[in-house]
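Secondary and tertiary structure notes
One-letter residues, chain by chain:
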Amino acid sequence: MQKLSVRAQNVLKELAVELTGEEPPKGTWSPSQKLLRALTAERLATARNCGPHTMREIVDWAQGCGVTIGPVLSPGGSLSQMWGELIAKASAGSLTSAQIAGALQRSIRRKSVRIPIAFQVILVKILLSSFE
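These lines cover the structure that appears in this document, whether it is placed above or below. What you are looking at is a predicted structure, and each value in this text was computed from that prediction instead of being measured.

**A short note on the packing of helix α1 (residues 6-20) against helix α4 (residues 52-64)**
- Where α1 contacts α4, the axes come no closer than 10 Å and their chain directions differ by 80°. Taken together, α1 and α4 sit at an angle that is classed as roughly perpendicular. Between α1 and α4, the contacting residues are Arg7, Ala8, Val11 and Leu12 on the first element and Thr54, Glu57 and Ile58 on the second.
- Residue composition of the contact of α1 with α4, grouped by class: 4 nonpolar, 1 polar and 2 charged.

**Comments concerning the packing of aromatic side chains**
- Counting across every chain of the model gives 1 aromatic pair.
- Measuring from centroid to centroid gives 4.6 Å for Trp83 and Phe119, while their planes differ by 55°, and the two rings are tilted. Of the two residues, Trp83 sits in helix α5 (residues 79-92) while Phe119 sits in helix α7 (residues 117-127), which places them 36 residues apart along the sequence. Accessibility assignment for this pair places Trp83 and Phe119 in one class, buried.

**Quick look at the nonpolar core**
- Counting residues in hydrophobic clusters, the biggest one holds 22 residues, and the most contacted among them are Leu39, Leu44 and Ile58.
- Those residues in contact with Leu44 that lie beyond four places of it in its chain are Val11, Leu15, Leu39, Cys50, Met55, Ile58, Val59 and Ile69.
- The next biggest cluster of nonpolar side chains, apart from the first, holds 10 residues, and it includes Leu95, Ile100, Phe119 and Ile122.

**A word on unusual backbone geometry**
- Of note, the phi angle at Asn49 is positive, near 65°, even though the residue is not glycine.
- Take Asn49: it is sitting in the loop between α3 (41-46) and α4.

**Examining the side chain of Gln9**
- When you line up the elements, Gln9 lands in helix α1.
- One polar contact links the side chain of Gln9 to the main-chain carbonyl oxygen of Leu4, over a distance of 3.1 Å.

**A short note on the pattern of salt bridges**
- Counted according to the given criterion, the structure contains 3 salt bridges.
- The partner of Glu14 in a salt bridge is Arg48, with the nearest N and O atoms 2.7 Å apart. One end of the pair, Glu14, is in helix α1; the other, Arg48, is in the loop between α3 and α4, and 34 residues separate them in sequence.
- Asp60 is paired through a salt bridge with Arg56; the nearest N and O atoms lie 3.1 Å apart. Highlighted residues: Asp60 and Arg56, both in helix α4, separated by 4 residues, approximately one helical turn.
- Residue classification places Arg56 among the partly exposed positions, given a relative accessible area of 39%.

Cut-offs applied
Residues numbered from 1 in each chain as written. Predicted model: local features only at pLDDT ≥ 70, side-chain atom pairs only at ≥ 80, totals over all residues. Heavy atoms only, no water. Axes fitted to C-alpha atoms, helices over the stretch in contact; angles between N-to-C directions. Helix = DSSP H or I, 4+ residues; strand = E, 2+ residues; numbered from the N terminus. Parallel < 35°, antiparallel > 145°, perpendicular 65-115°, else oblique. Contact = heavy atoms within 4.5 Å. Nonpolar A, V, L, I, M, F, W, Y, C, P; charged D, E, K, R; others polar. Phe/Tyr/Trp six-rings, centres within 6.5 Å; stacked < 30°, edge-to-face > 60°. Buried < 20%, exposed > 50% of the residue type's maximum accessible area, 1.4 Å probe, protein only. Core = buried A, V, L, I, M, F, W, Y, C linked by side-chain atoms within 4.5 Å. Polar contact = N/O pair within 3.5 Å; in protein donor to acceptor, adjacent residues only side chain to side chain. Salt bridge = Lys/Arg side-chain N within 4 Å of Asp/Glu carboxyl O.

Here it is in structure tokens:
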């Protein structure tokens, strides 16, 4: 099993305090099974300094330790492509709240200030409880 990068260790150290109350030592460290089981893809996606590469590294490393972190958010594609896919899913009636949250988290992470009007309409319908 490969060693985690310093960035991945630092991300996990911050999450250890938040998720399990563990106080990791300074320097090289390996996360506990308790922490790995508490991790979710959504939590990694919103963690400070955890981009797609670091997230993939942590997910792969956890898998090597026998812990599956899932589901992993799809990292590829542009924001426009992502919004288009979500609008199509909403039109088909198959959009989930987890997909909405993931899209908004990705948009926030990328510091995008543009949300398509069609998606804003979907959010309004959800907030008014006429969508789901």
